[in-house]
Amino acid sequence: MALYLIGDVQGCDEALGRLLDTLDFSPSRDRLVLLGDLINRGPDSLAVLRRVQALGDSARSLLGNHDLHLLGVAHGVRKPGRRDTLAPILDAPDREPLLDWLRHRAMALHERIGGRDLLMVHAGVLPAWTVEDTMARARELEAVLRGPNLGNFLQEMYGNAPAAWSDDLSGSARLRVIVNALTRLRFCSAHGVMEFEAKDSAAEAPAGYMPWFDVPGRRTAEAVVAFGHWSTLGWLSQPDLLSTDTGCVWGGCLTAVRIGATLEERERIDVRCTQAQAPG
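Parameters and conventions
Residues numbered from 1 in each chain as written. Predicted model: local features only at pLDDT ≥ 70, side-chain atom pairs only at ≥ 80, totals over all residues. Heavy atoms only, no water. Helix = DSSP H or I, 4+ residues; strand = E, 2+ residues; numbered from the N terminus. Buried < 20%, exposed > 50% of the residue type's maximum accessible area, 1.4 Å probe, protein only. Contact = heavy atoms within 4.5 Å. Areas by Shrake-Rupley, 256 points an atom, 1.4 Å probe, with all protein chains shown as cover. Lys, Arg positive; Asp, Glu negative; His and termini not counted. Charge placed at Lys NZ, Arg CZ, Asp CG, Glu CD. Pairing = 2+ DSSP bridges. Core = buried A, V, L, I, M, F, W, Y, C linked by side-chain atoms within 4.5 Å. Axes fitted to C-alpha atoms, helices over the stretch in contact; angles between N-to-C directions. Disulfide = S-S within 2.5 Å. Parallel < 35°, antiparallel > 145°, perpendicular 65-115°, else oblique. Left-handed = near helix turned anticlockwise from the far one by under 90°. Nonpolar A, V, L, I, M, F, W, Y, C, P; charged D, E, K, R; others polar. Salt bridge = Lys/Arg side-chain N within 4 Å of Asp/Glu carboxyl O.

Q: How should I be thinking about the overall build of the protein chain in this particular structure?
A: When its secondary structure is counted, the protein chain shows 8 helices and 13 strands. By principal-axis analysis of the C-alpha atoms, the protein chain measures approximately 45 × 45 × 35 Å. In the protein chain, buried positions account for 58% of the 280 residues. Restricting the contact set of the protein chain to residue pairs at least 6 apart, pairs at least 24 apart contribute 67%. As displayed, the protein chain has an accessible area near 11,500 Å², and 48% of this comes from carbon and sulfur atoms. In the protein chain, the 30 positive side-chain charges and the 36 negative ones have mean positions that sit 2 Å from each other.

Q: What is the right way to look at the sheet that holds strand 6 (residues 187–188) in this model?
A: Strands in a sheet are paired, the pairing made by backbone hydrogen bonds, and the direction either parallel or antiparallel. Strand order in the open sheet formed by 3 strands is 7-6-8, with antiparallel pairing between adjacent strands. Strand pairing shows two members of the sheet lacking a second neighbour, strand 7 (194–195) and strand 8 (210–211), which therefore form its edges. Direction of pairing for strand 6 relative to strand 8: antiparallel, over a ladder of 2 bridges. Looking at the pairing, F187 lines up with P211 of strand 8.

Q: Could you clarify how one ought to interpret the nonpolar core in this entry?
A: Within soluble globular proteins, side chains that are nonpolar tend to cluster in buried spots. If you look at the biggest cluster of nonpolar residues, it comprises 84 residues, and the most contacted ones within it are I6, L16, L32, L49, L70, W212 and L254. The element that contributes the greatest number of residues to this core is helix 8 (residues 171–184), accounting for 6 residues.

Q: What exactly am I supposed to notice about the sheet that holds strand 1 (residues 3–6) here?
A: Strand order in the open sheet formed by 5 strands is 3-2-1-12-13, with mixed pairing between adjacent strands. Looking at the sheet topology across the chains shown, the edges are occupied by strand 3 (59–61) and strand 13 (266–272). Taking the axes of each pair of neighbouring strands and ignoring which way they run, one obtains an average angle of 20 degrees across the sheet. Bridge count between strand 12 (residues 253–259) and strand 13: 7 bridges; the pairing is antiparallel. The residue of strand 13 that forms the bridge with A256 is I269. The strands touched by helix 1 (residues 13–23) within the sheet are strand 1, strand 2 (31–34), strand 12 and strand 13, with strand 13 carrying the most contacts at an inclination of about 135 degrees.

Q: Help me understand the state of the cysteines in this model?
A: In a disulfide, the sulfur atoms of two cysteines are held together by a covalent bond. Within the structure shown, the criterion is met by 1 disulfide. Linked covalently through their sulfurs, C248 and C273 form a disulfide whose S-S length is 2.4 Å. When the S-S torsion is -100 degrees, as for the bridge of C248 with C273, the disulfide is left-handed. With C248 in the loop between strand 11 (241–243) and strand 12 and C273 in the segment after strand 13, this pair connects stretches of sequence that are 25 residues apart.

Q: Would you take a moment to explain the packing of helix 6 (residues 131–145) against helix 8 for this structure?
A: Packed helices, taken two at a time, are described by the angle their axes make and the gap between the axes. Relative to each other, helix 6 and helix 8 sit at 115 degrees, their axes nearing to 10 Å. Classed by the angle they form, the pair helix 6 and helix 8 counts as roughly perpendicular. Read as a crossing pair, helix 6 and helix 8 show a hand that is left-handed. Listed contacts from helix 8 to T134, R137, A138, E140, L141 and V144 of helix 6 are R174, L175, I178, V179 and L182. Looking at the contact of helix 6 with helix 8 residue by residue, the class counts come to 7 nonpolar, 1 polar and 3 charged.

Q: Looking at this structure, I do not really get the pattern of salt bridges. What am I missing?
A: A side chain with one charge may pair with a side chain of the opposite charge, provided their charged atoms come close. Scanning the entire structure with this criterion turns up 17 salt bridges. With a shortest N-O distance of 2.8 Å, D13 and R51 are connected by a salt bridge. Placement of the pair is D13 in helix 1 and R51 in helix 2 (residues 45–54), with a sequence separation of 38 residues. Across the pair R29 and D24 runs a salt bridge, and its minimum N-O distance is 4.0 Å.

Read these as geometric descriptors, not functional statements.
This is the structure we're talking about:
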């Protein structure tokens, strides 16, 4: 049995199919975690959702910012963007089962492998959060996404403030910080203040900010944090990090990581992707 982590698919179903074939992935034998942004901007988001749903319990998926955007558009609280490729999902006869399946995906996942923690998120983790904190915050958000008040939450989800975590936060402000950290974070200050405008590489941090994983004293540093979201960062494999978004939708690669008996045992497997959109 193998565990594979796959970065942002973003609607590139043909590439996902080729990658699963390359892995010789077997739902009866192997496990798969998709690290968010299953959909949008690529040519066949509907096929991606149907493919991953059909894999059943062998595949788990995180919710990324594009996946949440689809829920916002479907509930009428967001307008489709000019580069969105969501219409086939919204017009599909199985739209409602697919959207219901999507809102039941995870915001973070955790496993113990070889005596170490593997924490999986779409974008990032605030430096003050431990693995346990992160999973608890994710469960708070999942309960709302899966509950009867999803539409009300989506109305209040968008925005950049508050930009930092406080244990005293409550209500929509608390949930907004959680969703922004888990699905949008790239850069933050040494005090955990998030910055949302810059989308450049880690070497081009705005003044006063740094990549979230470089903050001194980050409390998840003893774990391995696997994430996607940051295509300009690309592949990064360090003792405590795995960055997996290698820009499939932009004409880069779709990347899988095979995790071995320990978190130090990692194998990268790529397939080249046809460019669906130009960055920018």
